[in-house]
Amino acid sequence: MSGRLRIAIGSVFVGLGVMSLKYLAYELTGSIALYSDALETIVNVASSIAAVIAIWFASRPADSNHPYGHDKAEYFAAVLVGVMIVLAAGTIFHSAWIGYNTPQDVDYSPLGLGINALAAVINAIWALVLIRYGKRSRSPALEADGRHLMTDVVTSLGVLAGVVLVVFTGWQKLDPILAGLVGLNVLWTGWDVMKGSISGLMDEAASPDTLDKIRQVIAAEGEGALEAHDLRTRLAGKLTFIDFHLVVDGSMSVESAHDICDRIEQAVGKAVPGARLTIHVEPEHKAKHSGIIVL
């Protein structure tokens, strides 16, 4: 079992534990804001399960039907997480509206608030684990899950701060108003997660820094070639697909041209983990000389 899959499965169990704590906090207090916080955690569990399925599918080796691998499955999971976050925001808005129009007595017990605070601390620690590991392993699903959890942390902190204000001011309608503000934050996060994942599905190019690194490696390791042009990249999960044209002297042997390609491929692989290169070799008299000249 891969490290990414173990982390994803861990998220499911952490989510279940946090969900239980938050729902207990709601039962002890009856707060609409705490109820909204608990609702978002249900979505956390569902999105973590989606991430497990996507990472398992993405880890499968390339086959005849998917010669480039299955890594893009993680982007689908990240989009699904974004959709679930947006749906959670809608549910929160609904609960906040009902609470505002029909305010109810709330028992802001220290025990209930303490349990909610404990759940927030657990979420914060696990969110940092997911975000850091997701970036390091280039896993869109894990990073999206971590960012979702971090919004849950912000939600919990906002809820706790608002509840304290309700206790001191006695203004009961502040509780549903706070839930509505939580919903806005959740809605914005859902859109942000979906936007980033859709970019991956649309074959987004590597970052400018990565492109510069690739160009520098080609220029440094392309000795013997005359030119490199038409450099293109696209991201697919942890993989970076790279292709370009390499112009050589028309009289150069196939073996010599192949040696240059091997040298470039090995160097780019070290500089850009997960790189997959396709190099089109052209003799000088048939070179198209198009695109940005790299070498």
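Residues numbered from 1 in each chain as written. Predicted model: local features only at pLDDT ≥ 70, side-chain atom pairs only at ≥ 80, totals over all residues. Heavy atoms only, no water.

A.B. asks: What's the story with the packing of aromatic side chains in this structure? I'm lost.
C.D. replies: In this description, an aromatic ring pair is defined by two values, namely the gap between the centres and the angle between the planes. For the coordinates displayed, the defined rule picks out 1 aromatic pair. A centroid spacing of 5.7 Å and a plane angle of 55° characterise the contact between tyrosine 23 and tyrosine 26, whose relative ring orientation is tilted. You can see tyrosine 23 and its partner tyrosine 26 sitting in helix α1 (residues 3–29), 3 residues apart, about one turn around the helix. We classify tyrosine 26 as partly exposed; its relative accessible area is 22%. (Phe/Tyr/Trp six-rings, centres within 6.5 Å; stacked < 30°, edge-to-face > 60°. Helix = DSSP H or I, 4+ residues; strand = E, 2+ residues; numbered from the N terminus. Buried < 20%, exposed > 50% of the residue type's maximum accessible area, 1.4 Å probe, protein only.)

A.B. asks: Explain the packing of α1 against helix α4 (residues 110–136) here, please?
C.D. replies: The description of two packed helices rests on the angle between their axes and on the distance between the axes. For the pair α1 and α4, interaxial distance at closest approach is 9 Å and the crossing angle is 165°. Considering the angle they form, α1 stands roughly antiparallel to α4. Regarding α1 and α4, the two cross each other, and that crossing is left-handed. Across the contact of α1 with α4, the residue classes tally to 16 nonpolar, 7 polar and 2 charged. (Axes fitted to C-alpha atoms, helices over the stretch in contact; angles between N-to-C directions. Parallel < 35°, antiparallel > 145°, perpendicular 65-115°, else oblique. Left-handed = near helix turned anticlockwise from the far one by under 90°. Nonpolar A, V, L, I, M, F, W, Y, C, P; charged D, E, K, R; others polar.)

A.B. asks: What am I meant to see in a nonpolar patch on the surface here?
C.D. replies: On the surface, a cluster of nonpolar side chains totalling about 620 Å² of accessible area is made up of Phe93, Tyr100, Trp171, Ile177, Leu181, Leu184 and Leu187. Within the residue set of the nonpolar patch, elements represented by two or more residues are α3 (73–101) and α6 (174–201). Here phenylalanine 93 is to be found in helix α3. The partly exposed category is assigned to phenylalanine 93, whose relative accessible area is 30%. (Patch = residues over 30% accessible without salt bridge, like charges linked within 9 Å, V, L, I, M, F, W, Y side chains within 5 Å. Areas by Shrake-Rupley, 256 points an atom, 1.4 Å probe, with all protein chains shown as cover. Salt bridge = Lys/Arg side-chain N within 4 Å of Asp/Glu carboxyl O.)

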